[in-house]
Amino acid sequence: RYRLVFVFSTPEDSWTHASLCCQHFPAFLDMLRTMLERVVNGPGFCDMRAADAKMYLVLSMRNFNRGHPLVPQRDPSDESFDVSAGEHIGLVSWTRF
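Procedures and definitions
Residues numbered from 1 in each chain as written. Predicted model: local features only at pLDDT ≥ 70, side-chain atom pairs only at ≥ 80, totals over all residues. Heavy atoms only, no water. Helix = DSSP H or I, 4+ residues; strand = E, 2+ residues; numbered from the N terminus. Buried < 20%, exposed > 50% of the residue type's maximum accessible area, 1.4 Å probe, protein only. Contact = heavy atoms within 4.5 Å. Areas by Shrake-Rupley, 256 points an atom, 1.4 Å probe, with all protein chains shown as cover. Salt bridge = Lys/Arg side-chain N within 4 Å of Asp/Glu carboxyl O. Pairing = 2+ DSSP bridges.

Caption draft 1: Region of interest: the overall build of the protein. From N to C terminus, the protein includes two helices and three strands. Along the protein, helices and strands appear, N-terminal first, in the series α-α-β-β-β. Out of the 97 residues in the protein, the part that is buried amounts to 11%. The contacts in the protein between residues at least 6 apart in sequence include a share of 39% that link residues at least 24 apart. Surface accessibility of the protein: about 9000 Å² in total, with carbon and sulfur atoms responsible for 59%.

Have a look at this one:
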């Protein structure tokens, strides 16, 4: 379950003559928060989070004994490397991070 918290600031001088806005702004923010919590905690998001958990991998790198790691690059350049292992998913060109 997610809980949303909104934090923002505005210049104080913009609120001095906005008495009508000051009355309705907290109610608007509360309705917005309630609606977003309903959407984020709804069944569609739960299914999407479950699917995402199976698709993403977190990789932790500690040291680079063979040089800096390679990251995918859209357009080949003079500094990029071609790696055929990523060809089937469209990741042919790689460059140093």
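Caption draft 2: Broad picture of the pattern of salt bridges. Taken as a whole and assessed by the stated rule, the structure comprises two salt bridges. Here Asp30 and Arg33 are joined by a salt bridge, their closest N and O atoms 2.7 Å apart. Of this pair, Asp30 and Arg33 both sit in helix 1 (residues 19-40), three residues apart, which is roughly one turn of that helix. Accessibility expressed as a relative area gives 27% for Arg33, which makes it partly exposed. A salt bridge links Arg33 to Glu37, with the nearest nitrogen and oxygen atoms 3.2 Å apart. In this pair, Arg33 and Glu37 are both assigned in helix 1, four residues apart and thus about one turn of the helix distant. Here the salt bridges share partners, and the residues they tie into one network are Asp30, Arg33 and Glu37.

Caption draft 3: Seen up close, the pairing of strand 3 (residues 93-96). Two elements, strand 1 (residues 70-72) and strand 3, share three bridges in a ladder whose sense is antiparallel. Within the sheet, the bridge partner assigned to Pro72 lies in strand 3 and is Trp94. Here two bridges tie strand 2 (residues 81-82) to strand 3, and the two strands are oriented antiparallel to one another. Residue Phe81 lies in a different strand from strand 3, and its bridge partner there is Trp94.

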